[in-house]
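Chain by chain, the residues:
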Amino acid sequence: LFADSFDLYSMLAQKYDVVNGAATISSSNPRTGAQSMKTTTSNQWVQKNIALNQTVIAGIGFDLVAGAVGNTSIISFMDGNIDQVSVGTDGSGHLIAYRGGVATGVLLGTSVAAMSFGTYHYIEAKVKANTVSGTVDVHVDGISFLSLAGINTSFSGMPQIGSVISGTLNGGTGNTIYWDDFYICDSNGSFNNTFLGPTSILALLPTGNGSTDQWTIGGSAPAGTNWQSVNENPPNDGVTFVDDGTVGHIDRYTFPSIASAYPTLTIGSISGVVVNLRAEID
């Protein structure tokens, strides 16, 4: 349903439906690529709205720089403005799940195993919202840390999840945390319907013109080629762009291979390709 590398833009509000507090884009500690999201205290988070689903899976790279101060939320599954289930960590690195918020809700379970702080871990949570037969499963770096079934996972009373929040929605006071490689899936269909495993979300920008370039180069300081008009990071909006008013006109661009763009990574299976467009109409 959604994937974000945090690498192709400079303002979180350009990508998310809600940005709370001083969560920012940072270049100082990415998990992959060149950027991550940074939070420094409680109530700094981003929210992505999705179509209502009963079962939702989300994953994100999580690096809490120092030891946690109390409970810190990581991923929250929402129905409107109500926390259905929040997944986080306590001060010792155990994974915790709450119906409601990690600071104010009802504790559903705590993992026996604990993760370390000061390095990236990939946290994935799968939640089925139901007042009787709800489930919560949490993986850390591809390993199951918490599995709960037959429980009430609907704080709103409705069997649905309509958005996912990542960040310090509850707790996290005084902690610097970096976040990267964020995805959201649901359980529908025949693929990408469960945990993806530790995931790298890799950003690629055009590096050449393709076989068809019918759009017109424009902008206050036009670039020399079509592909150079659309490859800025972050986007420079009106400075360089291509535009067109004819239905059916096409611009094609070439992109580098993942291996050449990320030579230090071992490339495994590819779960999907997400096309990002930044556009406006006159």
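The sections below set out a description of the structure shown in this document. This is a predicted model, so every value here is computed, not measured.

On to the overall build of the protein. Looking only at helices and strands, the protein has one helix and 19 strands in total. For a compact globule of 282 residues, the expected C-alpha radius of gyration is about 19 Å, and the protein comes in at 20 Å, within 12% of that figure. Overall, the protein is about 60 × 35 × 35 Å in size when its C-alpha atoms are taken along their principal axes. Each of the 282 residues in the protein was classed as buried or not, and the buried ones make up 45%. In the structure as shown, the protein presents an accessible area of about 12,800 Å², 53% of it carried by carbon and sulfur atoms. One finds the centroid of the 9 positive side-chain charges in the protein at a distance of 7 Å from the centroid of its 21 negative side-chain charges.

This part is about the sheet that holds strand β2 (residues 18-20). If you trace the seven strands from one edge of the open sheet to the other, you get β2-β5-β14-β7-β8-β9-β10, paired in antiparallel fashion. Single-partner strands in this sheet number two, and they are β2 and β10 (106-114). Strand-to-strand, the axes of this sheet are offset by a mean angle of 20°, without reference to chain direction. Relative to strand β14 (residues 161-167), strand β5 (residues 45-53) is paired through six bridges, and the arrangement is antiparallel. Residue pairing across strands places Asn49 opposite Ser163, the latter belonging to β14.

Let's shift gears to unusual backbone geometry. For the bond from Asn233 to Pro234, the omega torsion is 0°, close enough to zero to count as cis. With respect to the helices and strands, Pro234 occurs in the loop between β17 (216-218) and β18 (241-243). Positive phi, close to 65°, is recorded for Phe6, a residue that is not glycine. Here Phe6 is to be found in the loop between β1 (2-4) and β2. By relative accessible area, Phe6 is classed as buried at 0%. The backbone phi angle of Asp237 is positive, close to 55°, even though this residue is not glycine. Mapping Asp237 onto the fold places it in the loop between β17 and β18.

On the surface, Leu265, Ile267, Ile270, Val273, Val275 and Leu277 cluster together into a nonpolar patch covering about 660 Å² of accessible area. Take Ile267: it is sitting in the segment after α1 (258-261). Overall, the relative accessible area of 37% leaves Ile267 in the partly exposed class.

About the thresholds
- Residues numbered from 1 in each chain as written.
- Predicted model: local features only at pLDDT ≥ 70, side-chain atom pairs only at ≥ 80, totals over all residues.
- Heavy atoms only, no water.
- Helix = DSSP H or I, 4+ residues; strand = E, 2+ residues; numbered from the N terminus.
- Rg over C-alpha atoms; globule rule 2.2 N^0.38 Å.
- Buried < 20%, exposed > 50% of the residue type's maximum accessible area, 1.4 Å probe, protein only.
- Areas by Shrake-Rupley, 256 points an atom, 1.4 Å probe, with all protein chains shown as cover.
- Lys, Arg positive; Asp, Glu negative; His and termini not counted.
- Charge placed at Lys NZ, Arg CZ, Asp CG, Glu CD.
- Pairing = 2+ DSSP bridges.
- Axes fitted to C-alpha atoms, helices over the stretch in contact; angles between N-to-C directions.
- Patch = residues over 30% accessible without salt bridge, like charges linked within 9 Å, V, L, I, M, F, W, Y side chains within 5 Å.
- Salt bridge = Lys/Arg side-chain N within 4 Å of Asp/Glu carboxyl O.

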